Amino acid sequence: MASKFTRFLHSETGPRTIHFWAPVLKWTLVIAGANDLQRPVDSISGTQQLALMATGMIWTRWSLIIKPKNYLLASVNFFLGTVAGYQVFRLVSYRIGKGDTALQTANYILKGEDKKNSSEQVVESN
């Protein structure tokens, strides 16, 4: 009878496959995102965090419907999406706290611009 370790070693998602090493290395993104929680909010890239959040959500679902199911991949993507989602929440809270509207906040997150939308700029320049 094979030991649990031997079964794990030779499984479809064990350490002899890419199904194991890709998620293990992807944890570095989660760790980097967690370290970014200490950074000032205005130095965080909104587009990067949105991309990481979407990646986390999409690949969490995907890793649970593929065969073989890859729970290690699902867990790393879940935490990647969670950390990035929290960063997006921090950005939104920061911008709303500065008095921005929802549109200005979305513009800031998507474009990184610390300006009012272009229609307001035209009115102010006249």
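Throughout what follows, the structure given in this document is the object of discussion. (Residues numbered from 1 in each chain as written. Predicted model: local features only at pLDDT ≥ 70, side-chain atom pairs only at ≥ 80, totals over all residues. Heavy atoms only, no water.)

## Considering the side chain of R90
And step 1. Examined against the element boundaries, R90 turns out to sit in helix 4 (residues 71–97).
And step 2. Buried and without a salt bridge, R90 has D36 as its closest oppositely charged side chain, separated by 7.9 Å.
And step 3. Looking at R90, its side chain comes within polar contact range of the main-chain oxygen of D36, at 3.5 Å. (Helix = DSSP H or I, 4+ residues; strand = E, 2+ residues; numbered from the N terminus. Buried < 20%, exposed > 50% of the residue type's maximum accessible area, 1.4 Å probe, protein only. Lys, Arg positive; Asp, Glu negative; His and termini not counted. Salt bridge = Lys/Arg side-chain N within 4 Å of Asp/Glu carboxyl O. Polar contact = N/O pair within 3.5 Å; in protein donor to acceptor, adjacent residues only side chain to side chain.)

## Some thoughts on the side chain of N77
And step 1. Within the element layout of this structure, N77 appears in helix 4.
And step 2. Setting aside chain neighbours within four positions, we find N77 in contact with K26, T55, G56, W59 and T60. (Contact = heavy atoms within 4.5 Å.)

## Examining the pattern of salt bridges
And step 1. Across all of its chains, the model carries two salt bridges by this definition.
And step 2. Note that D36 is salt-bridged to R39, the shortest N-O span being 3.7 Å.
And step 3. Ionic pairing is found between D100 and R95, a salt bridge with its closest N-O pair at 2.7 Å.

## A look at unusual backbone geometry
And step 1. Going from K67 to P68, the amide bond is cis rather than trans, its omega being 0°.
And step 2. Tracing the sequence through the fold places P68 in the loop between helix 3 (46–65) and helix 4.

## Notes on the packing of aromatic side chains
And step 1. Applying the stated criterion to the full structure yields four aromatic pairs.
And step 2. Relative to W62, the ring of W59 lies with its centre 4.7 Å away and its plane at 75°, an arrangement referred to as edge-to-face. With W59 and W62 both in helix 3, this residue pair falls three residues apart, about one helical turn.
And step 3. In this structure W59 comes out as partly exposed when scored by relative accessible area, which is 36%.
And step 4. Members of the aromatic cluster, each reached through a chain of ring pairs, are W27, F78 and F79.
And step 5. Positioned over the ring face of Y108 is R95, at 3.9 Å from the centre of the ring. (Phe/Tyr/Trp six-rings, centres within 6.5 Å; stacked < 30°, edge-to-face > 60°. Lys NZ or Arg CZ within 6 Å of the ring centre and 35° of its normal.)

## Some points on the packing of helix 3 against helix 4
And step 1. Their axes nearest at 7 Å, the elements helix 3 and helix 4 cross at an angle of 150°. Judged by the angle between their axes, helix 3 and helix 4 are roughly antiparallel. When the axes of helix 3 and helix 4 are compared, the crossing they make is left-handed. On the side of helix 3, the interface is formed by G46, Q49, L50, L52, M53, T55, G56, W59, T60, W62, S63 and L64, while helix 4 contributes Y71, L73, A74, N77, F78, L80, G81, A84, G85, Q87, V88 and L91.
And step 2. In the contact of helix 3 with helix 4, the residues fall into 14 nonpolar, ten polar and no charged. (Axes fitted to C-alpha atoms, helices over the stretch in contact; angles between N-to-C directions. Parallel < 35°, antiparallel > 145°, perpendicular 65-115°, else oblique. Left-handed = near helix turned anticlockwise from the far one by under 90°. Nonpolar A, V, L, I, M, F, W, Y, C, P; charged D, E, K, R; others polar.)

## Looking at the environment of D36
And step 1. The topology assignment puts D36 in the loop between helix 2 (18–35) and helix 3.
And step 2. Distance from D36 to A84, taken between C-alpha atoms, is 9.7 Å for residues 48 residues apart in sequence.

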